[in-house]
Amino acid sequence: MANRVRRVFVAAALGISLTLGACSPSSTQETKPSGEGDSGEQITLNVSVFNDFGYTELYKEYMKLHPNITIEETRASSTTNSRDRLSTGLSAGSGLSDIEAVEGDWMPEVMQYTDQWVDLSNDSLKDRWLEWKTAKATDPSDRLLGYGTDSAPNAICYRADLFAAAGLPSNRDEVAKLLTGDWNKFFEVGRQFRAANSQVAWFDSASSVFQGMISQLPNAFENSDGTPIPLSDNTGIKSIYDSIVANLDQSAHLTAWDEDWMAAFQGDPKFATIMCPSWMAGFIEEQAAGVTGWDVAPVFPGGASNSGGSYLMVPVQSKHQEAAKALADWLTAPEQQLKAYAAKQVFPSQVEALKSPQVTESVSKFFNDAPIGKIYASQASSITVQPFTGEHYGSIRDIVGDALNRVSSGAMDAEASWQQALADYKDLGI
């Protein structure tokens, strides 16, 4: 669920003013990307995205550089609608835009249709992105089929005031040391917190912790060839399920993204920590406006991981492949991604952008002047595992997430809810 809603709540910006310099001659503002767009022919490029990628002003800039190009954006109301339209277009062999934004979780499924995507490989792109970002968009023939847009490295957002009141370290670096380790360590500290403050939960919801834990598994629900792992045989997921269930006394028993969860960011504090991908920090700042005490710790239980991010791809259906490729290249160049970060807090996935002072020196006043850019850049650079997310990933994840929510809400006990999950999995017919 987090990937779907990321686009909706990413609008809260950090208020950073960026002064941009050239990162490479092939992608500077002054140098037009080579390709069909330089021929002088009047063409229209259609770009399909879901929600806000921070590209509105970038389109205007590109069209000013290329007076013969008109860019029209189609923005889906949700990733579900966008994915359905994409699947239909691939099956029909028509109906896709010149550039398609593709959510990272869809890539294993989309990459099954390698013959329907333009090879975007270019020597000038060497080392533009973090290796784990490009790996997901590279086919077995070493063709790059997607230009990475954003990333979503994970950290922990926490209430420093509640930590201090409970006698725990509250400084973000001390909190990072406190929480360094596996998930058992996270729950152990939670028990310490709850012993000192029985009125406030340690974490917000079972579903949030579940998403954080599975973000570290290379094969949570499917093998790398796309075949599903039978839920009855999936010892890794069952272990995560059991671990969360055993620690539900630390949960606020909320369900991520429902009304009660949204409201919990205001009023009396309901929880002390929350799993915090880079896009979540912006959402918290917006939702908890006026609330003091929030901070960000440069740590994630179990190790660095990622929860979100997308790609721009050019279908062979496009009648303007070279022009579309040049635009996608320009939009995902480091300096353009820095502008998107400034406009909409879309966290970069490009190496040069992540090293830029505009990122590393950015701070968040809301999060107690946390060096938020440096924190997330460091987390992004430390990621080694990229989960396989095939066509069955979402449906199986929802089944297990629903099982956890039933236990958390008191609707079922743990064993009965797991048996229901096994039955629901069987009903998928996979």
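Residues numbered from 1 in each chain as written. Predicted model: local features only at pLDDT ≥ 70, side-chain atom pairs only at ≥ 80, totals over all residues. Heavy atoms only, no water.

(A) Quick peek at the state of the cysteines. Counting across every chain of the model gives one disulfide. Each sulfur of the disulfide joining C157 and C276 lies 2.1 Å from the other. Classification of the bridge connecting C157 and C276 rests on its S-S torsion, roughly -55 degrees, and on that basis the disulfide is left-handed. Taken together, the residues span a long stretch of sequence, with C157 in strand β5 (residues 154-159) and C276 in strand β7 (residues 271-277) at a distance of 119 residues. Accessibility classification places C157 together with C276 in one group, the buried group. (Disulfide = S-S within 2.5 Å. Helix = DSSP H or I, 4+ residues; strand = E, 2+ residues; numbered from the N terminus. Buried < 20%, exposed > 50% of the residue type's maximum accessible area, 1.4 Å probe, protein only.)

(B) Spotlight on the sheet that holds strand β8 (residues 294-297). Strand order in the open sheet made by the four strands is β6-β7-β5-β8, with mixed pairing throughout. The sheet is open, and its two borders are formed by β6 (201-203) and β8, each paired with just one other strand. Going from strand to strand, the sheet's axes swing by 20 degrees on average, the running direction of each strand aside. Pairing of β6 with β7 involves two bridges; the strand directions are parallel. Within β7, the position partnered with F203 by the bridge is T273. The strands touched by helix α17 (residues 372-381) are β5, β7 and β8; relative to β5, the strand with the most contacts, the crossing angle is about 140 degrees. (Pairing = 2+ DSSP bridges. Axes fitted to C-alpha atoms, helices over the stretch in contact; angles between N-to-C directions. Contact = heavy atoms within 4.5 Å.)

(C) Seen up close, the pattern of salt bridges. This model, assessed by the stated rule, comprises 13 salt bridges. The residue R143 makes a salt bridge to D139 at a minimum N-O spacing of 2.9 Å. Accessibility expressed as a relative area gives 6% for D139, which makes it buried. (Salt bridge = Lys/Arg side-chain N within 4 Å of Asp/Glu carboxyl O.)

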